[in-house]
Each structure stands twice: as C-alpha cells, then as structure tokens.
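Chain and residue survey
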Amino acid sequence: DNSSKIFFTNTLHIDPFRGPLITRNPIVFNFTCEYNLTMKTSLNFALNPIVSSVVIPSSGPEIGSFTVTLAAYSDAQYSVPIQLDEEILVGSNIYLGLFSPNLDGNVFALRVEKCFATPSSNPDDPNNVLFVSGGCAVSDNIESTVLENGISTEARIQINAFLFQGFSQVYIFCDVKICNKTNSCKGCNVDRSLKADLPQLGIQLNLQANDDFGSSGHHTAVSWPMLLVYLLGLLSLKLF
C-alpha cells in the first residue's frame, strides 16, 4: 500500500577523472529511497503538524530521562498527521498517537493514564470531558477507544471529534508515564488514585460543525407563519 509510504527520487551524476584524455563517459545513476510512514516518521514530512512534546525527568538511575510526543492523525495507520490550520469535521475520527523515540522497548513501556478535553488551553478548566482514565477508555458523552497502551514505546487512542457549545477549538490533554515491563503496565486501574504530578502533554484541535443536512444547495430559513400560509394555500387548491 503506497499510501503509507513516501518516496524520494534523485539522480547522481559522476563525471570522469579530468585529465588530458577522456576514456570514460559520465555515469548517471537514478535512485529512489522508500520510507515507511510511521507515527514518528510521518511528522518529519508534514508541514505544520499538531504536535506536543514533554521530557520526563529521571526518577532513578535505571530509567533516565525520555521525551514523549503527542500528535493527532486523521487515519488509522497513523501516517497522515493533522495540520495546524486544518479543520476537523465533528463526528469524524481523530487518532491520538503518543511515542517515546529513545525509549528501550525491550525494558520499558509508555503508558497513558488519563486523557481529557477542555474548551480552553487551561487544563484545570472545570468544563472538561474525560475519555481515558486509569489507562482505559471511559464513556463520558463521547466515543473513545484505547487501541494500544502500556505494551510498547507507543500508545494509540481513537476518539470521535466533538465540540463544546460556543467554542470552535478543543484542547486535548494526556497524562503519561514510563513504566518497567516487569511491573504492571497494561490494564485498567480506574479504582486507584492517580498521581497528580504525572507529566502532561496538550494539543489544540480546530473543529467544524457539519451544517449540511443532506443538500449541497443554499438553505433558506422559513418561519412558521410563512409555512402555515403555504400549507393553507395547498389545501385551498385541493378543495377547489
């Protein structure tokens, strides 16, 4: 599937050694490089991707410090990052990808403990919607699915795009941690109290409501009195 790959094509010109005699023709070599568009590499080829990063400081000599990145994608393959100026249609799927590029996946795993949305850039905004808690999806008026969490250097979450009444932006915040695979990284711990000092990432998404009710033409607003007069006119035509 070429939609999940990117190709670079170039031509290499090699001139012969310049001396009194030319005994060789120039060499022209065409080549193409192929790259798989993964959650990480696709960000390098996007112009203005929506992305946020945080450095998790060392909590011990066996762990060290790691960078965790959060980005938003429009496809389930996590190969098409959403751009800063892109408007997302309410009801469409948003794929949140989190990864730590320098994390040793044989020993450690990235775990998302909590994700929520607010209408403002303030993560303490009382008007918020929780969609991941204790590492698992929760139902709080929006659809969400945790596709991968706590098993590798990546975490994947799918949500259904929505808007807060009166706002055109949605801010997504996620609390993350690095855990040792020898401990319990997977599963839900919604019954346990979460640490309040977990590293947090945040991104802003621009949303657009769908005002098209099945017709691409212009919609004219009709008042109830106008509609009543119209219906009475139709009734009069039938009577006479």
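Residues numbered from 1 in each chain as written. Predicted model: local features only at pLDDT ≥ 70, side-chain atom pairs only at ≥ 80, totals over all residues. Heavy atoms only, no water.

Under an unreviewed UniProt entry, the name given to the chain is ZP domain-containing protein, and the organism recorded is Eleutherodactylus coqui.

We now examine the state of the cysteines. Evaluated as defined, the whole model comprises three disulfides. With its sulfur 1.8 Å from that of its partner, C136 forms a disulfide with C188. Disulfide C136-C188: torsion about the S-S bond near -95°, hence left-handed. Of the two residues, C136 is situated in strand β9 (residues 136-137) and C188 in the loop between β12 (169-180) and β13 (200-208); the sequence distance between them amounts to 52 residues. Residue C136 is classed as buried on the basis of its relative accessible area of 17%. The disulfide pattern of the chain is 1-3, 2-6, 4-5 when the bonded cysteines are numbered in sequence order. (Disulfide = S-S within 2.5 Å. Helix = DSSP H or I, 4+ residues; strand = E, 2+ residues; numbered from the N terminus. Buried < 20%, exposed > 50% of the residue type's maximum accessible area, 1.4 Å probe, protein only.)

Across the sheet, six strands lie side by side as β5-β13-β12-β7-β8-β9; this open sheet has mixed pairing. Either end of the sheet is taken by a strand with one partner, and the two such strands are β5 (87-89) and β9. (Pairing = 2+ DSSP bridges.)

With respect to the helices, strands and loops of the structure, S100 is situated in the loop between β6 (93-99) and β7 (108-118). Those residues in contact with S100, other than ones at most four positions away along the chain, are F66, T67, V68, L110 and T153. (Contact = heavy atoms within 4.5 Å.)

This paragraph deals with the pattern of salt bridges. Going through the model one piece at a time under the given rule, you end up with four salt bridges. With a closest N to O distance of 2.7 Å, E113 and R111 form a salt bridge. Side by side, E113 and R111 carry an identical accessibility label, which is buried. Among the ionic pairs, E154 bridges to R156, the shortest N-O distance being 2.9 Å. The exposure class of E154 is buried, given its relative accessible area of 19%. Overlapping salt bridges bring together R111, E113 and K177 as one network. (Salt bridge = Lys/Arg side-chain N within 4 Å of Asp/Glu carboxyl O.)

Our next topic: the pairing of β13. Note: β5 against β13, three bridges, orientation parallel. Looking at β13, one finds that I88 is bridged to L207. Here seven bridges tie β12 to β13, and the two strands are oriented antiparallel to one another. When the sheet's bridge partners are listed, V170 is paired in β13 with L205.

Let us now look at the sheet that holds strand β3 (residues 51-56). Taken in spatial order, the five strands line up as β3-β4-β6-β11-β10 in an open sheet, and their pairing is antiparallel. Single-partner strands in this sheet number two, and they are β3 and β10 (144-148). The sheet shows a mean angle of 15° between the axes of neighbouring strands, taken without regard to direction. With six bridges connecting them, β3 and strand β4 (residues 66-73) associate as antiparallel partners. Along β4, the bridge assignment pairs S53 with T69. (Axes fitted to C-alpha atoms, helices over the stretch in contact; angles between N-to-C directions.)

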